[in-house]
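Tertiary structure, described
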Amino acid sequence: MNNRRLLLVTLMTVSTVAVSAEGLDVKTGLWEMTYTSDIQGSFLPQATLDKMTPAQKAQLAAAAKKQAAQGPRTWQEKTCVTAKDLKAGAFRASDDQDDPDCKFTVKTQTRTLQEGSTVCSGAETRHTAMKIEALGRDRIKGSMTADSKGGKLTMQLSGKWLSDSCAGADDD
C-alpha cells in the first residue's frame, strides 16, 4: 500500500513538473497585440517625485486626473515572440523584463494558460499579476493588473499571430 501511495505521489510530481516546463502552445514570430489600459494615479518612483517642485507635482496631479477622466486607452503594437519567451512569460510587460529589480514567477503554465506575477523592488516597488490564455495557436487574450505605491493599472490584451518572421516588430 505504501509503495502504491509513493508511486502515485511520484507520478503526480512528475506530471506537475512536466506541465510547468512547457510553454503556451502558440506560434512564434510576429504578433499584433491590442491593449486597453486604465491607469489610476502615478507610477513614478518616489525618488523622482521627491525631486519635483510643488508646481511640477501639481501639474502631474492635474495630468493624472485628466487621464483618469478620459477613461481606458486602447493601442496596438507588433511584437516578436520566441520559443524562449513562451517558456519565460511571453506577452508580459517588457519594462519588467528589463528591470534587474524585478522578478517574474510563473504560477501556472500549461499549453493554454499562463499565469504569473512580477514583484519589483528598489526605487519602483510594484506588484504585477498577469493571465494569458491561448485561444488557438494564433490567438491569445489576457489581463494584467499592476499596483505601486502611487497607482494602479488594469489592462486587457488580445493578440493575433501575423507571421513566422519577426520583421516589422515595434520592439526591434
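Please read these numbers as outputs of a predicted model, since none were measured by experiment.

A word on the layout of surface pockets. Reported here for the second largest pocket is a volume of approximately 190 Å³. Lining the second largest pocket are 14 residues; nearest its centre among them are L44, P45, Q46, K149 and G150. A breakdown of the residues in the lining of the second largest pocket according to their chemical character gives 5 nonpolar, 6 polar and 3 charged.

So, about empty space enclosed by the protein. This structure, assessed with the given rule, holds 1 cavity of 30 Å³ or more. What the largest cavity holds in volume is close to 30 Å³. S37, D38, I39, Q67, G71, P72 and R73 are the residues that line the largest cavity. With 3 residues, strand 1 (residues 29–41) is the single largest residue contributor to the lining of the largest cavity. For the lining of the largest cavity, the residue count by class is 2 nonpolar, 3 polar and 2 charged.

The next point concerns the sheet that holds strand 3 (residues 102–109). Taking strand neighbours across the sheet as the criterion, the 7 strands line up as 2-1-7-6-5-4-3 in an open arrangement whose pairing is antiparallel. Pairing within the sheet leaves two strands with one partner each, and these edge strands are strand 2 (73–81) and strand 3. In this sheet, adjacent strand axes meet at a mean angle of 20° when their direction is disregarded. Both strand 5 (residues 126–136) and strand 6 (residues 139–148) contribute to a ladder of 10 bridges, which runs antiparallel. Counterpart to T128 in the pairing with strand 6 is A146.

The next point concerns the packing of aromatic side chains. Under the definition given, this model contains 1 aromatic pair. Note on Y35 and W75: the rings are 5.2 Å apart at their centroids and 25° apart in plane angle, and the pair reads as stacked. Pair noted here: Y35 is in strand 1 and W75 is in strand 2, with a separation of 40 residues, a long-range link. Assessed through its relative accessible area of 11%, Y35 is described here as buried. The aromatic ring of W161 is capped on one face by K27, whose charged end is 4.1 Å from the ring centroid.

A few words now on helix 3 (residues 54–70). Its 17 residues place the ends of helix 3 24 Å apart at the C-alpha level, agreeing with the 24 Å of an ideal helix rising 1.5 Å per residue. Downstream of helix 3 by one or two residues, G71 has phi in the positive range, about 85°.

Any two side chains of opposite charge can pair, given that their charged atoms come close. Applying the stated criterion across every chain, the model contains 3 salt bridges. For R137, the salt bridge identified is with D25, shortest N-O distance 3.0 Å. Here R137 is found in the loop between strand 5 and strand 6, whereas its partner D25 is found in the loop between helix 1 (2–21) and strand 1, with 112 residues between them in sequence. Relative accessible area serves as the criterion here: at 42%, R137 is assigned to the partly exposed category. For D25, a relative accessible area of 23% puts it in the partly exposed group. A salt bridge links E32 to K160; the nearest nitrogen and oxygen atoms lie 3.6 Å apart. One end of the pair, E32, is in strand 1; the other, K160, is in strand 7 (residues 151–163), with 128 residues separating them in the sequence. On the basis of relative accessible area, E32 is assigned to the buried category, the value being 18%. The network of salt bridges with shared partners includes D25, R111 and R137.

Here is what the cut-offs are and how they apply
- Residues numbered from 1 in each chain as written.
- Predicted model: local features only at pLDDT ≥ 70, side-chain atom pairs only at ≥ 80, totals over all residues.
- Heavy atoms only, no water.
- 1 Å grid on protein atoms, 1.4 Å probe; cavity = no way out; pocket = protein on both sides within 12 Å on 5 of 7 lines; lining within 4 Å.
- Points joined across faces, edges and corners; volume = space filled by probe spheres on them.
- Nonpolar A, V, L, I, M, F, W, Y, C, P; charged D, E, K, R; others polar.
- Helix = DSSP H or I, 4+ residues; strand = E, 2+ residues; numbered from the N terminus.
- Pairing = 2+ DSSP bridges.
- Axes fitted to C-alpha atoms, helices over the stretch in contact; angles between N-to-C directions.
- Phe/Tyr/Trp six-rings, centres within 6.5 Å; stacked < 30°, edge-to-face > 60°.
- Buried < 20%, exposed > 50% of the residue type's maximum accessible area, 1.4 Å probe, protein only.
- Lys NZ or Arg CZ within 6 Å of the ring centre and 35° of its normal.
- Expected span 1.5 Å × (residues − 1).
- Salt bridge = Lys/Arg side-chain N within 4 Å of Asp/Glu carboxyl O.

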